[in-house]
Amino acid sequence: MAYVVIANIIALIGSVFMVLASYVKSDKRCVILQSFQIFMFIISNIILKGITGVVINSLSLLRNIFAYKQKLNNYIKYMILGFMVVLSIMFNNLGIVGYLPIIGTTVFTIFINNEDTFKFRLSLSFSILMWLIYDVYIMSYSSAIFDLFSVIGGIFVLFRESKVK
C-alpha cells in the first residue's frame, strides 16, 4: 500500500505543476510546466499500473515537445491522437475504465481548436471527468481531487456562460 502513497505524492506534485501552468503568461513556460506535470503523471501511472494513462501522457508529452518547438500542426496532432487510440486499445489493462481517458482526450482534441468557447469548455470538462473516474479507479486520489475541482469549476463556468447568452 506504500506504493499508492508514493504515487499520490508524485501525482500531487504533478497537479501543482498543472496549477502553476495555468498562471503563467508565456505559452512556452506553460508548455514546460505542463510537460513536468505530464512527466509526474507518467511516473504515478506506472506505479499504479494505469497503462492507458502512461500511453496517453507519454504521447501528450511528445505533443508538447512539438508545441514547444512550434511544430505542432493538425496533421501531427491527429497522428499523435491516432497513436494514442491504437496504443491505448493494445495496452489497456483496466477494461472499460481504461478507455475513459482516451475517450476524453479524443473528444477534447476534436474540439480544441473550436471557436465556440462553450463547446471547448464542455469538451474540456468532459475530458477531465473521464480522467477523474480513471484516477479514482487506479487510486490516484490526489489527481482525482484536482480533477474534481476542475470539473466543478468547468461546470460552474459553463452555467454562468449559458446564462449570459
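All values reported here derive from a predicted model rather than from experimental measurement. (Residues numbered from 1 in each chain as written. Predicted model: local features only at pLDDT ≥ 70, side-chain atom pairs only at ≥ 80, totals over all residues. Heavy atoms only, no water.)

If you look at the biggest cluster of nonpolar residues, it comprises 18 residues, and the most contacted ones within it are L48, I56, L59, I80, M84, Y134 and I138. Mapped by element, the contributors of at least two residues to this core are helix 1 (2-23), helix 3 (51-68), helix 4 (74-91), helix 5 (96-111) and helix 6 (117-137). Considering every element that reaches this core, the biggest residue donor is helix 4, with 4 residues. Excluding residues within four positions of it along the chain, I138 makes contact with N45, L48, G50 and L94. (Core = buried A, V, L, I, M, F, W, Y, C linked by side-chain atoms within 4.5 Å. Buried < 20%, exposed > 50% of the residue type's maximum accessible area, 1.4 Å probe, protein only. Helix = DSSP H or I, 4+ residues; strand = E, 2+ residues; numbered from the N terminus. Contact = heavy atoms within 4.5 Å.)

Taking 1.5 Å of rise per residue, 22 residues should cover 32 Å, and helix 1 covers 32 Å from first to last C-alpha, within 8% of that figure. Here helix 1 has its buried residues at V4, A7, N8, I10, A11, G14, S15 and A21. For helix 1, the buried positions fall inside an angular range of 165° around the axis, keeping them on one side. Pointing more than 90 degrees away from the buried face of helix 1 are the exposed residues A2, V5 and Y23. (Expected span 1.5 Å × (residues − 1). Arc of directions from axis to C-beta.)

A few words now on the environment of V97. For V97, the position within the fold is in helix 5. Between the C-alpha atom of V97 and that of Y141, which follows or precedes it by 44 residues, the distance is 15 Å. Apart from the residues within four sequence positions on either side, V97 is in contact with Y134 and Y137.

To find the voids left in a structure, one rolls a probe of water-molecule size over its atoms. Its volume calculated, the largest pocket comes out at about 1,300 Å³. Residue lining of the largest pocket: 46 residues in total, with Q34, Q37, R63, F108 and L124 positioned closest to the centre. Mapped onto the lining of the largest pocket, the elements with two or more residues apiece are helix 1, helix 2 (27-47), helix 3, helix 4, helix 5, helix 6 and helix 7 (141-164). Per-element tally for the lining of the largest pocket: the top contributor is helix 2, with 10 residues. The residue makeup of the lining of the largest pocket, split by class, is 22 nonpolar, 18 polar and 6 charged. Of the pockets and cavities examined, the second largest pocket occupies roughly 170 Å³. (1 Å grid on protein atoms, 1.4 Å probe; cavity = no way out; pocket = protein on both sides within 12 Å on 5 of 7 lines; lining within 4 Å. Points joined across faces, edges and corners; volume = space filled by probe spheres on them. Nonpolar A, V, L, I, M, F, W, Y, C, P; charged D, E, K, R; others polar.)

Scanning the model with the defined rule gives 3 aromatic pairs in all. Taking the centre distance of 5.6 Å and the plane angle of 50° together, the rings of F108 and F120 count as tilted. Taken together, the residues F108 in helix 5 and F120 in helix 6 connect sequence positions 12 residues apart. Of note, K28 hangs over the ring of Y68, and the distance from its end group to the ring centre comes to 4.7 Å. The ring of Y3 has K49 lying over it, and the distance from NZ or CZ to the ring centre is 5.5 Å. (Phe/Tyr/Trp six-rings, centres within 6.5 Å; stacked < 30°, edge-to-face > 60°. Lys NZ or Arg CZ within 6 Å of the ring centre and 35° of its normal.)

As a further point, take helix 2. Taking 1.5 Å as the rise per residue, helix 2 with 21 residues should run 30 Å; its terminal C-alpha atoms sit 30 Å apart, in good agreement. Taken as a whole, helix 2 has its buried residues at V31, L33, S35, Q37, I38, M40, F41, I42, S44 and N45. Elements in contact with the buried residues of helix 2: helix 1, helix 3, helix 6 and helix 7. Looking one or two residues past helix 2, K49 carries a phi angle of roughly 65°, positive in sign.

Looking at where S125 falls in the secondary structure, it is placed in helix 6. We classify S125 as buried; its relative accessible area is 8%. In the structure, S125 is positioned 19 residues away from T106 in sequence and 13 Å away in space, judged by C-alpha atoms. If we skip the residues at most four places from it in the chain, S125 touches V151, G154, I155 and L158.

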